[in-house]
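Each chain, letter by letter, is given below.
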Number of protein chains: 4
Amino acid sequence: MATGDGSAHPFGSANTVASMTAARGFASDNCSGAHPRVVEAITSVNHGHVGSYGADPETDRLDDLVRAEFGPDARIFPMLNGTGTNIAALRAMARPHQAVICPETAHLAIDETAAPEAIAGLKLLTVPTPDGKLTPEIAHTRLADPDDIPHVAWPKVVSIAQASELGTVYTPQQVRALADFAHSHGMLLHMDGARLANAAAALDVGLAEAGAAHGVDVLSLGANKNGTVFGEAVVFIDAPGAPDFARGLADDFEVLRKGSLQLSSKMRFISAQLVAILEGGLWRELALKANRAAAAIGEAVAWIDGVELAQPVEANIVFIALGLEKARAFSDLCAPHRPLIFPLGDVGLVRLVGSWDSQVEDVDRVVADLLSVLPQGRGTASSG
Amino acid sequence: MATGDGSAHPFGSANTVASMTAARGFASDNCSGAHPRVVEAITSVNHGHVGSYGADPETDRLDDLVRAEFGPDARIFPMLNGTGTNIAALRAMARPHQAVICPETAHLAIDETAAPEAIAGLKLLTVPTPDGKLTPEIAHTRLADPDDIPHVAWPKVVSIAQASELGTVYTPQQVRALADFAHSHGMLLHMDGARLANAAAALDVGLAEAGAAHGVDVLSLGANKNGTVFGEAVVFIDAPGAPDFARGLADDFEVLRKGSLQLSSKMRFISAQLVAILEGGLWRELALKANRAAAAIGEAVAWIDGVELAQPVEANIVFIALGLEKARAFSDLCAPHRPLIFPLGDVGLVRLVGSWDSQVEDVDRVVADLLSVLPQGRGTASSG
Amino acid sequence: MATGDGSAHPFGSANTVASMTAARGFASDNCSGAHPRVVEAITSVNHGHVGSYGADPETDRLDDLVRAEFGPDARIFPMLNGTGTNIAALRAMARPHQAVICPETAHLAIDETAAPEAIAGLKLLTVPTPDGKLTPEIAHTRLADPDDIPHVAWPKVVSIAQASELGTVYTPQQVRALADFAHSHGMLLHMDGARLANAAAALDVGLAEAGAAHGVDVLSLGANKNGTVFGEAVVFIDAPGAPDFARGLADDFEVLRKGSLQLSSKMRFISAQLVAILEGGLWRELALKANRAAAAIGEAVAWIDGVELAQPVEANIVFIALGLEKARAFSDLCAPHRPLIFPLGDVGLVRLVGSWDSQVEDVDRVVADLLSVLPQGRGTASSG
Amino acid sequence: MATGDGSAHPFGSANTVASMTAARGFASDNCSGAHPRVVEAITSVNHGHVGSYGADPETDRLDDLVRAEFGPDARIFPMLNGTGTNIAALRAMARPHQAVICPETAHLAIDETAAPEAIAGLKLLTVPTPDGKLTPEIAHTRLADPDDIPHVAWPKVVSIAQASELGTVYTPQQVRALADFAHSHGMLLHMDGARLANAAAALDVGLAEAGAAHGVDVLSLGANKNGTVFGEAVVFIDAPGAPDFARGLADDFEVLRKGSLQLSSKMRFISAQLVAILEGGLWRELALKANRAAAAIGEAVAWIDGVELAQPVEANIVFIALGLEKARAFSDLCAPHRPLIFPLGDVGLVRLVGSWDSQVEDVDRVVADLLSVLPQGRGTASSG
């Protein structure tokens, strides 16, 4: 830790905070609740009858907002959860027996059970990356040889997460390079934007600028981690510059959404939440708080001996590398109910995730937890 | 209509009501919003961090409530929507290439696109029924001959809806007969309880007594039509008297729920809503209002010449049969945005559905709409 | 039976034949072996190495034959078995969650377990028919209402079997009417030609004339029942007059065939067999023998009291209706290992199928078996 | 090459052979035909009618043979092709959304399009290996953490190929170690025995000893590469020592085979071929010829400068590494129609596969082709 005295600590006294009952932590941005304005949005549309399944004024309003942000041909489809959003998006982009190139750390590859396989019938061509981000060079290694058709599964989609599952962020140029790569090989570009708001806030650009404006064909637009009660969306960009084979992808999507078990009957309640976070830039405000918490943890960690950041902290995720036993102890302290560790031989990676409601004292507390498992303890660290 | 003077009309003057802007109608119980107490429940659990994916106190509380209602071995899994609930439930009961016996009017067969087929890999063995309800005799016609294995798809599940899609209600004895039939043929009994509350209210029994207590193995527990913002549930009953092959069905269900794209990350918000409608019998209060509206429409229709009820009104659904052209006109009046008609040759069936928020004046208005398309008009009807 | 004396019996003395060990029967045309010329074809291409998976001269030769028969744009894909042929064909015509209209007696609906559902993700919209044959009027009853999208499964294919599973045959005019109906509703026409040779022989036309030339888009070309060791084929017709949406269906089929587990590695052996039955009209010769046997049984049955033909005998299948108990006895006699009965209340339908190798004495024997279970016995019948 | 004069060449004069039209090569063991005794077996059972779908004496005879070889509880199911065999076997071992650990070079992972995913709904957890063979240590890296259920796809099967796709062979001890590893982690062991005969011949043991006797639960028994016209089989071992969860896997397999589009109607023709290669050890005789050809190529290559064996030659596959351009030239010479190259940066791996019908002169010719693309030519090599 930077200094020995509490006053110099940027978040005040960790001692005090550490004794509090932890109401908020960094186990996951799914552990947070919803922003009050989002809940108010639910309340505000909760009167009378409207058309079900999206035939309601709130969904119309969302359509308008999305076209304003993502372009006149963009179409948004509210969805129920993140996995369903990704799987349904991919089903619109590729047929069974085709393949998707993605990082081996992709949520799609690791955290969606075998739904891409069992529901969409797709093979994931995973590839190691240094930082959770694909590049054209890395993706190129999973291209197939036309001579191997029909034996090989043919890649039809490149899928990237913005921000990535390792907390890194693609620059617009990097997205564009991947889009050009994908399109030039007859593939489409999918962006898993479960944390798109965090990426856009980190880049200090709008939601579209963080990917859709730079060649993404289909976007999984995250909202739940950003502060909603539930609900996500698929956005088909259909950008003017897109190749022909990237057009019309939304044509059957009403059926695919229903068939992917993702159609909300009282859709006004999802649409209202999406409107709430899109309008007036609430999404950015919430994402920035999550990002700042992660940054603060990252900055604190940089001062501590015996631990290091496994990845640069660019959005709201921090990966801390320390000895495996200490990592376990730290994880037990800050997330007693669910281990946060990825063991890598003797090293344990601990993942911490900032939420839209993270507070200064929460950062303080987790840093204190970290210090407490290190041999020097907090006092030692202050003199280190 | 029964009488010519407004005063005798049980809901007051239809003339006045007919000129109102229709805020509530009978197009579907999905068109209604959520009960205020349900929204309050969302607000009341919206503080601090809790475990995601169901590791939260509200889901624990729901577990307790469900065991109290459905038996000590019952297990509830909150889900995202109705189709997902049914499909995931069936996936727990049957393997791909097996079959499900259900009425040809089943929601499963008609209103869930080909999700039972494409996601669960099941064949639906549909069968005509007079009233939307299976009986052992009717279901028996779809049994297969063991000599036809492996060519035929083998039925593993009998699926019934309580209340049925035609608005009729199974008595507990009828459910028991179907359970005995299913079990004696090595099949399981699934109940689509999208409107279970309406059925239980109609039967004047508890939710379990409306099916689960009488041999149902797996229940799709509806909540959304009953007055929630979103969320349904699968309940595995695992009743003491169930046959061996009906036990342990929930064992893999955590994976099937995730893999069926139905796992909510901030599950506390579904659980809190389910708790809200289960606790204190709110479910019954809301279902009764919906049922009463349907009953009132049904009673009014019984007085009107030239129209008739196509099914007895037992829950919250009314099927009105009238000439096809008049049916179209009536549908256009009371649901301008989405036709409510099922054409049957020269006859049009119009489906009206009572909601938890239906009011006397809504009934009045729809009856007035109906009268207005009939040749006699309202005045004539009064003298009819 | 027509007459009491053996000399008048069109096939000689049944008494003698009945005492023979039954080497050939009418349980199914799958019970027969392969025509010697087909086996010779396997032998004749069994030398040296050729390209696997279809890159061989025999497959090229088959291509040429098929284009000559089915038109210059027709493409044939050899397949491994009948169910795989139908399923892969349908996968080329419709996406998961779409639907197929077919008779409720279709092989697809009854005898392919739930493979259309589990592998292709399709819903079968089955419909009763008097004779196993669809008409536009009958198929029309399963069309969906666009207002019901996305809830309903949308029919994309009409599938008919030529000859039908009830042994009846579509005339070219009837096929054309169904093709026009399908196309005018945005659907494709699939023909399950497991017994196409029998139908074409019955119609006294070529294979193409029995369907493909009259609007069929994709044909399952049967060969195994017609006398091969194994092997069937999918033929994409791509006829000049077909609508735009019926073109290019074969484009991804190499992948679908592989992914449908139907790609033969040593494909020359299938191609050679198909060439053998196509060249010189062997297919017709074999089909005619099967048809004649069925016709002969049908003619004999027409003379017998207490039994009747349930369907006209148009191809190589005979359905005999008699009392259920007698039907069971008859089935036990002529197919001891596998019942041939379809029970219909008090009546049992017995299905008999002529094969390419059926002989006069086989017909004699089965007729004798039938007579022996009837109360009058053979003598009585002769005087009947 | 060892010597400059033809007399010292172990297979005679390459010059002469090189000018021959290549009737047999090493592009794949799928390019070969069928052994005459196998074709005779087809002919010998081609008389009269027998039960279809396996109810025939030849299939009974196969059952007996398989029980004699693989144990009294072993059950064999004849199948149509290799991909279908693997996919159906896996479907019997794991449910959709589960996972299979296999080498990244597995046929399953590379050469079966996305059928494991699209048909079986399984995720493949691939892992790099030095030699195409899993070890418990390597497989261990893909185990999942129970804390990650239900998010992660849970491995239920370890799948290995005997011989491996890189031409290496598992010893019985290595198979046993993998079986123990799999079983101790609640997983089953699948063996893709597309080249089981080659492996058993190389190990100089029986077919069962090459895997099934050492803990394999389900075996894909290859026959086609071993010299049949078509046909493979799934064998469920059900060994006395197997864990409880490895028992009864065959129970539903009749349905899975049909549903996996792999049921042969005239099954006697597959069974007869399998009997032909199993009886009298024809399988071993044929496999040894293929292995010897590979060994001979390998021995020749060992003498040549500028090329090397990328893997030890243990069965019938040889991987030759040489400069990429030369590799292309070599591939064009010995397999003009289909490249045999796997590019690895500047190096090209050329795969050659011995067949049951490979002859000395074929080896000679391919070695001559190799020499002809090397700078030194044949003469230089002799002095190298």
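Residues numbered from 1 in each chain as written. Chains lettered and ligands numbered in written order. Predicted model: local features only at pLDDT ≥ 70, side-chain atom pairs only at ≥ 80, totals over all residues. Heavy atoms only, no water.

Peer 1: Help me out: how do you make sense of the relation of the copies chain A and chain B in this one?
Peer 2: Mapping between the two copies of the chain is achieved by a rotation about an axis and a shift along the axis. Overlaying chain A with chain B gives an RMSD of 0.0 Å, the required rotation being 180 degrees about an axis along which the chain moves by 0.0 Å. Such a turn and shift between the copies fits a two-fold axis. The residues that chain A uses at the interface reappear at the interface of chain B in 100% of cases, marking a shared surface. (Least-squares fit on C-alpha atoms with pLDDT ≥ 70 in both. Contact = heavy atoms within 4.5 Å.)

Peer 1: Please clarify how the interface of chain A and chain C should be interpreted in this entry.
Peer 2: In many analyses, interface size is given as the accessible surface area lost on bringing the parts together. In this complex, chain A contributes 15 residues to the contact, which on the side of chain C involves 15 residues. Both faces combined, the contact of chain A with chain C buries some 1,600 Å², and carbon together with sulfur accounts for 60% of it. Together, R95, H97 and P150 of chain A form the three largest contributors to the area buried by chain A at its contact with chain C, with a combined 36%. Summed over the shared surface of chain A and chain C, the number is zero salt bridges. Here chain A is connected to chain C by eight residue pairs in polar contact (both at pLDDT 80 or more). Looking at the side of chain A that touches chain C element by element, the count peaks at five residues for helix α10 (residues 253-259) of chain A. Per-class residue counts for the side of chain A that touches chain C are seven nonpolar, three polar and five charged. (Buried area = accessible area lost by both parts, 1.4 Å probe. Salt bridge = Lys/Arg side-chain N within 4 Å of Asp/Glu carboxyl O. Polar contact = N/O pair within 3.5 Å; in protein donor to acceptor, adjacent residues only side chain to side chain. Helix = DSSP H or I, 4+ residues; strand = E, 2+ residues; numbered from the N terminus. Nonpolar A, V, L, I, M, F, W, Y, C, P; charged D, E, K, R; others polar.)

Peer 1: Would you mind showing me how to read the sheet that holds strand β2 (residues 98-103) of chain D here?
Peer 2: By definition, the strands of a sheet pair up through backbone hydrogen bonds, in either a parallel or an antiparallel sense. Residue and element names in this part refer to chain D. The strand order β1-β7-β6-β5-β4-β2-β3 describes an open sheet built from seven strands, whose pairing is mixed. In this open sheet, the two edge strands, each paired with only one partner strand, are β1 (75-79) and β3 (123-127). Here the strands of the sheet are splayed against their neighbours by 20 degrees on average, with no regard to which way each runs. Sheet topology places strand β6 (residues 218-221) next to strand β7 (residues 232-236); four bridges connect them, and they run antiparallel. In the sheet register, L219 faces β7, and the bridge partner there is V235. Sheet contacts for helix α4 (residues 82-93): β1, β2, β4 (154-161), β5 (188-193), β6 and β7; angle to β5, the most-contacted strand, approximately 175 degrees. (Pairing = 2+ DSSP bridges. Axes fitted to C-alpha atoms, helices over the stretch in contact; angles between N-to-C directions.)

Peer 1: Is there a simple way to think about the interface of chain A and chain B in this case?
Peer 2: Counting residues at the interface gives 49 residues for chain A and 49 residues for chain B. On the chain A side of the contact with chain B, H49, L261 and K266 of chain A bury the most area, a combined 21% of that side's loss. Our count for the chain A to chain B interface comes out at zero salt bridges. Linking chain A with chain B are 31 residue pairs in polar contact (both at pLDDT 80 or more). Elements supplying a minimum of two residues to the side of chain A that touches chain B: α2 (36-44), α4 (82-93), α10 and α11 (268-278) of chain A. When its residues are assigned to classes, the side of chain A that touches chain B shows 18 nonpolar, 22 polar and nine charged.

Peer 1: Sorry, what's going on with the domain arrangement of chain A here?
Peer 2: Residue and element names in this part refer to chain A. Domain boundaries in chain A define domain 1 (14-34 + 282-377) and domain 2 (37-281). Averaged C-alpha coordinates put domain 1 and domain 2 at centres separated by 28 Å. Listed by partner, the interface residues are 23 residues for domain 1 and 33 residues for domain 2. Counting the contacts that link domain 1 with domain 2 gives three salt bridges. The residue D29 makes a salt bridge to R195 at a minimum N-O spacing of 2.8 Å. Joining domain 1 to domain 2, the criterion identifies 14 residue pairs in polar contact (both at pLDDT 80 or more). Among the elements of the structure, α12 (282-302), β9 (317-323) and β11 (347-353) are those that each provide at least two residues to the side of domain 1 that touches domain 2. The element best represented in the side of domain 1 that touches domain 2 is α12, accounting for nine residues. Residue composition of the side of domain 1 that touches domain 2, grouped by class: 13 nonpolar, five polar and five charged. (Domains from an automatic or database assignment.)

Peer 1: In this structure, what is going on with helix α8 (residues 172-184) of chain C? I would like to understand it.
Peer 2: Two residues of an α-helix separated by three or four positions point the same way, owing to the 3.6 residues in each turn. Residues and elements named next belong to chain C. The first and last C-alpha atoms of α8 sit 18 Å apart over 13 residues, in line with the 18 Å expected at 1.5 Å per residue. Taken together, the buried positions of α8 are occupied by P172, V175, L178, A179, F181, A182 and H183. Of the surrounding elements, those touching the buried residues of α8 are α7 (136-140), β4 (154-161), β5 (188-193) and α9 (196-203). Positive backbone phi, at 75 degrees, marks G186, one or two positions downstream of α8. (Expected span 1.5 Å × (residues − 1). Buried < 20%, exposed > 50% of the residue type's maximum accessible area, 1.4 Å probe, protein only.)

Peer 1: When you look at the relation of the copies chain A and chain C in this model, what are you seeing that I'm missing?
Peer 2: After a rotation of 180 degrees and a shift along the axis of 0.0 Å, chain A superposes on chain C with an RMSD of 0.0 Å. Most of the interface of chain A is mirrored in chain C, where 100% of its interface residues are also at the interface.

Peer 1: Got a minute to help me understand helix α3 (residues 57-70) of chain C in this structure?
Peer 2: All names here are of chain C. Taking 1.5 Å as the rise per residue, α3 with 14 residues should run 20 Å; its terminal C-alpha atoms sit 20 Å apart, in good agreement. Listing the buried residues of α3 in full gives E58, T59, L62, V66 and F70. Axial view of α3: buried residues confined to an arc of 95 degrees, hence all on one face. Away from its buried face by more than 90 degrees, α3 exposes P57 and A68. By the N-cap criterion, in which a side-chain oxygen at the helix start approaches the backbone nitrogen of a residue two or three places on, α3 is capped by D56, the distance to E58 being 2.9 Å. Positive phi shows up at G71, right after α3, with a value of about 115 degrees. (Arc of directions from axis to C-beta.)

Peer 1: Looking at this structure, I do not really get the state of the cysteines. What am I missing?
Peer 2: The term disulfide refers to a covalent linkage connecting the sulfur atoms of a pair of cysteines. All told, the structure shown has zero disulfides over all chains when counted by the stated rule. With no disulfide of its own, C102 of chain A lies closest to C102 of chain D among cysteine sulfurs, the gap being 16 Å. For the unlinked cysteine C334 of chain A, the closest cysteine sulfur is that of C31 of chain A, found at 11 Å. (Disulfide = S-S within 2.5 Å.)

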